[in-house]
Amino acid sequence: MTHIKVINPNTALAMTASIGRCARAVASPSTVVTTVSPAMGPESIESHYDEALAVPGVLAEVAAGERAGVDGYVIACFGDPGLDAAREVAVGPVIGIAEAAMHAATLLGRSFSVVTTLSRTAGRAWDLAHRYGFAAACRGVHACDIPVLDLDRDPAARKTVTELCVTAVERDRCDAVVLGCAGMADFAAEVADETGVPVIDGVTAATKLVESLVALGLRTSKRGEYAPPPKKRYSGLLSDFTY
C-alpha cells in the first residue's frame, strides 16, 4: 500500500478538505492519501512574504511524514514553496503542483497558458515556467484577480475562472490550460468542457505522478544537492528544526 501525503501549505482547512477530495478521486484504491495543513503559516499564499513563511510549516509536515513512513509528498500550492528543501528531508518523491501541471500540459500539447489568482503572483508562475524548462511552451499567464480564499466562498468565482480560461485559449491559441491555484482543483472538468482543450489541475497531476514514481521504486536522489542538510543548531523560533 502506498501512502501519499498532500500538504496544503496554507492553514485554510476548508481548502485542504477540497484538495483532499480531488487527490483521493484520482488515487488508486491501494493508495492512502492524507491531506494536511501545517500547524503554522499564512491562511493563504498570495505574496513572496506568505510563501517564505509557509515553508517552515511545510517542512515540519514532511519531517512528520518521514517519521510515519510516508512514501511520497505533494506540495499543493502553485508557487511550489519549499520544494527543494522538502526534497532534502524526504526519502521518497516530492512533487509541486505547478511542476506537475506544467509537465503534464507539455505531454498533451505543444503549448499551454496558466490561469491564476492575483496579478501579483503572475511573475512567480513565469519564474517556475523558466525553472522547469517550459518557458517556450507557456503562451501566457492570466490572473482572475480573485483572492485564493474567495475561490470557494464567492459563488461567481467558477464562472469568472472559466471565462478567463476560454479567453486565454482564444487569445494565446494554446493547446492546454494549467490552473494556477490548488483552490481551483475541482474546476478542471468544468473548464475543459467550456474551453475544448485539456485543462490540468496540479493537485491531481502531482498525486498521480508521485504514485507512479513510488510504484516504479524511484526515490529522491541523495547525491549532491538533495542530500540531507548538514547538521547544525537552529535558534529561537526555529530551534525545533535542528536537523
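Let us look at the structure shown here. (Residues numbered from 1 in each chain as written. Predicted model: local features only at pLDDT ≥ 70, side-chain atom pairs only at ≥ 80, totals over all residues. Heavy atoms only, no water.)

**Observations regarding the packing of helix α4 (residues 97-108) against helix α9 (residues 202-215)**
Okay, so step 1: Interhelical geometry of α4 versus α9 gives an angle of 85° and a closest axis separation of 8 Å. Here α9 runs roughly perpendicular to α4, going by the angle between their axes. Side by side, α4 and α9 meet where I97, A100, A101 and A104 of the first sit next to G202, V203, A205, A206 and L209 of the second.
Okay, so step 2: Partitioned by chemical class, the residues of the contact of α4 with α9 number eight nonpolar, one polar and no charged. (Axes fitted to C-alpha atoms, helices over the stretch in contact; angles between N-to-C directions. Helix = DSSP H or I, 4+ residues; strand = E, 2+ residues; numbered from the N terminus. Parallel < 35°, antiparallel > 145°, perpendicular 65-115°, else oblique. Contact = heavy atoms within 4.5 Å. Nonpolar A, V, L, I, M, F, W, Y, C, P; charged D, E, K, R; others polar.)

**What to know about the pattern of salt bridges**
Okay, so step 1: According to the stated counting rule, one finds eight salt bridges in the structure shown.
Okay, so step 2: For R131, the salt bridge goes to D84, with nearest N and O atoms at 2.8 Å. With R131 in helix α5 (residues 122-131) and D84 in helix α3 (residues 83-89), the pair connects residues that are 47 residues apart, well separated along the chain.
Okay, so step 3: Within the structure, one salt-bridge network assembled from shared partners comprises R158, D186 and E190. (Salt bridge = Lys/Arg side-chain N within 4 Å of Asp/Glu carboxyl O.)

**Observations concerning the nonpolar core**
Taken as a class, soluble globular proteins show a tendency for nonpolar side chains to be buried jointly.
Okay, so step 1: Within the largest apolar cluster, 76 residues are counted, with the highest numbers of intra-cluster contacts made by F112 and V161.
Okay, so step 2: Those residues in contact with V161, other than ones at most four positions away along the chain, are V115, C144, I146, L151, M184 and F187. (Core = buried A, V, L, I, M, F, W, Y, C linked by side-chain atoms within 4.5 Å. Buried < 20%, exposed > 50% of the residue type's maximum accessible area, 1.4 Å probe, protein only.)

**Focus on the layout of surface pockets**
Left-over empty space is what a probe sized like a water molecule reveals as it rolls over the atoms.
Okay, so step 1: By volume, the largest pocket is sized at about 500 Å³.
Okay, so step 2: Lining the largest pocket are 19 residues, with L59, A60, D240, F241 and T242 positioned closest to its centre.
Okay, so step 3: At the level of elements, α2 (48-68) and α3 are the ones that each hand at least two residues to the lining of the largest pocket.
Okay, so step 4: At six residues, the largest contribution of residues to the lining of the largest pocket is made by α2.
Okay, so step 5: Partitioning the lining of the largest pocket into residue classes produces 14 nonpolar, two polar and three charged. (1 Å grid on protein atoms, 1.4 Å probe; cavity = no way out; pocket = protein on both sides within 12 Å on 5 of 7 lines; lining within 4 Å. Points joined across faces, edges and corners; volume = space filled by probe spheres on them.)

**Looking at the packing of helix α7 (residues 157-172) against helix α8 (residues 188-195)**
Okay, so step 1: Between α7 and α8, whose axes approach to 9 Å, the crossing angle comes to 45°. As summarised for this structure, α7 and α8 are arranged oblique, according to the angle between their axes. For α7 against α8, the interelement crossing comes out right-handed. Taken together, the residues of α8 that come into contact with α7 (itself represented by R158, T162, C165, V166 and V169) are E190, V191, E194 and T195.
Okay, so step 2: Taken together, the residues of the contact of α7 with α8 sort by class into four nonpolar, two polar and three charged. (Left-handed = near helix turned anticlockwise from the far one by under 90°.)

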